[in-house]
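# A look at the structure
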Amino acid sequence: MTWELRWHPFRGEWVLFTAHRDARPWLGEAASDAEPDVPADNALAPLGRRLATTNPDYRGVFVFTNDLPVFSADAPAPADDGDELYRTRRAVGTAEVVCYHHDPTKSMADLDDDEVNAVVRTWRERTATLQDLDGVAQVLIFENRGAAVGTSNPHPHCQIYAGALSYATMAREAEVGREHHARTGRDILADVVDRELAGARVLDHHDHFFACVPWFARYAYEVHVLPRRPVTSLIDLDDAETRSLAVVLRDVARRYDALWGLRMPYVLAVHQAPVGDHPHYPFHVELHPPLRAPGLLKYLAGPEIGGGSMTNESDPDVKAMELRSALP
C-alpha cells in the first residue's frame, strides 16, 4: 500500500498510509524490551504502603482513589474568572486506580476467564457509579502497559478518570455518530462492524465481541474490539456481553505477547459515550502498541504533532495476518 489516504469513520479524519516506508533504515535509539522490576515498596500490592494509607491484603481486583488525582471534588474555583476567549472552570471529579490482580508479575494476558471478567465487570460498575457524580462529563478508562508508554510500575492495573472534561476523541466520536445517523438512518458502529466482519483483518471471534486490526488503523498493530450489537457504554452490556468483551481483550493481549516473544507495550482506551444523551455513540475498545517492530517505536513527530494527522507506515491486512499467526 503506497501513498493512500483512508477515512477514519469514527474520528472523521484522514489517515495517511505509506506501507512502502515500513522497512526504511533507522539509525536512532532502539527501545528496550526490558520491563521495570516490581519495586520492593510496591504501592499497588496487597499491604502496599501508599502516601497516606496501606492497602488491605486484597485478592483479585482492588479499586482505590488515586493518591494524586487529576480531578477532585475539592477542586478550587479558578483564581482568574477568564473570559470568552481564555475560559476557565473547576476541574471537579475524581480518579481511581484498578489493580487487576494481587500478583504483581501478572498482566491482562495472564488472567483466566473469571479473573479478566472481574476486571471488566469492575469497569462497568465504576462507570455506572462515577458518571452519576456531580460535574462528571466523561468516564475514561485506560491502561498504560509497559515502559515504552511511561509505566514505571508493572503491577497490572489501569486508571479511571471521571471529571468535568469531555475528552476530545470521545466528543468527536459522539458528533460523528450523530451526523452519520442523521445522514443515513444507521448507526455508524453497526456499519463499521459489518464491514470489518466481512474483511480479512479479524483476529478473534466471540459470542458478543470480536477483535480486528481496522482498515483505518492509525498504528501498525492497532486493534479494535467491537461489539456485535450497537451499544454506547459499558453500562449497556449485560453479564454475557461483559464476559465476552473481557475474554476477547485478554486474547488480544496474548497475541501481542506471542508476536515477538516479549510483553508488548500498549495504551488501551475504553471508548464510551460522554455523560448525556448520545444514542448513536460507537462504543468500542482500542489498543495502541507504540512499536512497529521489536525495539522500534512509532514516533509522533511533525505530521502527527505539528500537523495533527496520523501516518501509518504499514498495511493493516498484513499486520492482522501477523497477529493471527502469532497464536494458533
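Scope of this entry: the structure provided in the associated data block. Because the structure is predicted, anything quoted here is derived from the model rather than measured.

Rules of the game
Residues numbered from 1 in each chain as written. Predicted model: local features only at pLDDT ≥ 70, side-chain atom pairs only at ≥ 80, totals over all residues. Heavy atoms only, no water. Helix = DSSP H or I, 4+ residues; strand = E, 2+ residues; numbered from the N terminus. Buried < 20%, exposed > 50% of the residue type's maximum accessible area, 1.4 Å probe, protein only. Contact = heavy atoms within 4.5 Å. Areas by Shrake-Rupley, 256 points an atom, 1.4 Å probe, with all protein chains shown as cover. Lys, Arg positive; Asp, Glu negative; His and termini not counted. Charge placed at Lys NZ, Arg CZ, Asp CG, Glu CD. Pairing = 2+ DSSP bridges. Axes fitted to C-alpha atoms, helices over the stretch in contact; angles between N-to-C directions. Parallel < 35°, antiparallel > 145°, perpendicular 65-115°, else oblique. Nonpolar A, V, L, I, M, F, W, Y, C, P; charged D, E, K, R; others polar. Expected span 1.5 Å × (residues − 1). Arc of directions from axis to C-beta. Salt bridge = Lys/Arg side-chain N within 4 Å of Asp/Glu carboxyl O. Left-handed = near helix turned anticlockwise from the far one by under 90°.

Before going further, it helps to spend a moment on the overall build of the chain. Of regular secondary structure, the chain possesses six helices and 14 strands. Sorting the 328 residues of the chain into buried and exposed places 49% on the buried side. Here the analysis covers contacts within the chain between residues at least 6 apart in sequence; of these, 68% occur between residues at least 24 apart. Element-wise, carbon and sulfur atoms account for 53% of the exposed surface of the chain, whose accessible area totals about 15200 Å². Counting 33 positive and 49 negative side-chain charges, the chain places the averaged centre of each group 3 Å from the other.

Ordered in space as E1-E2-E14, the three strands form an open sheet in which the pairing is mixed. Whereas interior strands pair on both sides, the edge strands pair on one side only; in this sheet they are strand E1 (4-8) and strand E14 (311-312). Alignment of E1 against strand E2 (residues 13-17), held across five bridges, turns out to be antiparallel. Its bridge partner lying in E2, Trp-7 is registered against Trp-14.

A few words on the packing of helix H4 (residues 239-260) against helix H6 (residues 316-326). Two elements in contact, H4 and H6, have axes whose closest approach is 8 Å; the angle formed by their N-to-C orientations is 90 degrees. As far as their axial angle goes, H6 and H4 are roughly perpendicular. Residues Arg-255, Tyr-256, Ala-258 and Leu-259 of H4 touch H6, and the partners they reach there are Glu-322, Leu-323, Arg-324 and Ala-326. Class assignment of the residues belonging to the contact of H4 with H6 gives a composition of five nonpolar, no polar and three charged.

A few words now on helix H2 (residues 168-184). A rise of 1.5 Å per residue sets the reference length of H2, with its 17 residues, at 24 Å; its end C-alpha atoms lie 24 Å apart and thus fit the reference within 8%. What H2 keeps buried is the set Met-170, Glu-173, Ala-174, Val-176, Gly-177 and His-180. All buried residues of H2 project into a common sector of 165 degrees when viewed along the axis, lining one side. In H2, those exposed residues whose orientation departs by more than 90 degrees from the buried face are Ala-168, Ala-182 and Arg-183. The secondary structure elements touched by the buried residues of H2 are strand E5 (138-145), helix H3 (188-197), strand E10 (266-271) and strand E11 (284-288). Looking one or two places after H2, you find Gly-185, whose phi comes out positive at around 80 degrees.

What follows covers the pattern of salt bridges. The tally for this structure, following the rule as stated, stands at 22 salt bridges. Put simply, Arg-201 and Asp-317 hold a salt bridge, and the shortest N to O gap is 3.3 Å. Here Asp-317 lies in helix H6 and Arg-201 lies in the loop between H3 and strand E7 (202-205), a separation of 116 residues in the sequence. The class for Arg-201 is buried, based on a relative accessible area of 7%. Taking relative accessible area as the criterion, Asp-317 reaches 30% and is therefore assigned partly exposed. Residue Arg-250 is joined to Asp-251 by a salt bridge in which the shortest nitrogen-to-oxygen separation is 2.7 Å. Beyond isolated ion pairs, a larger network of salt bridges with shared partners links Asp-113, Arg-250 and Asp-251.

Turning next to the packing of helix H1 (residues 113-130) against H4. Put simply, H1 and H4 touch, their axes get as near as 8 Å, and they point 120 degrees apart. The handedness of the crossing between H1 and H4 is right-handed. Two secondary-structure elements touch here, H1 through Asp-113, Asp-114, Val-116, Asn-117, Val-120, Arg-121, Trp-123 and Arg-124 and H4 through Asp-239, Thr-242, Arg-243, Leu-245, Ala-246, Val-247, Leu-249 and Arg-250. When grouped by side-chain class, the residues that make up the contact of H1 with H4 number seven nonpolar, two polar and seven charged.

A word on the sheet that holds strand E3 (residues 62-65). Strand order across the open sheet formed by nine strands is E3-E4-E6-E5-E10-E11-E9-E8-E7, with antiparallel pairing between neighbours. Edge strands, defined here as strands with exactly one partner in the open sheet, are E3 and E7. When the angles between neighbouring strand axes are averaged without regard to direction, this sheet yields 20 degrees. Sheet analysis places E3 next to strand E4 (residues 93-99), joined by four bridges and oriented antiparallel. Bridge pairing in E4 places Phe-64 opposite Val-97.

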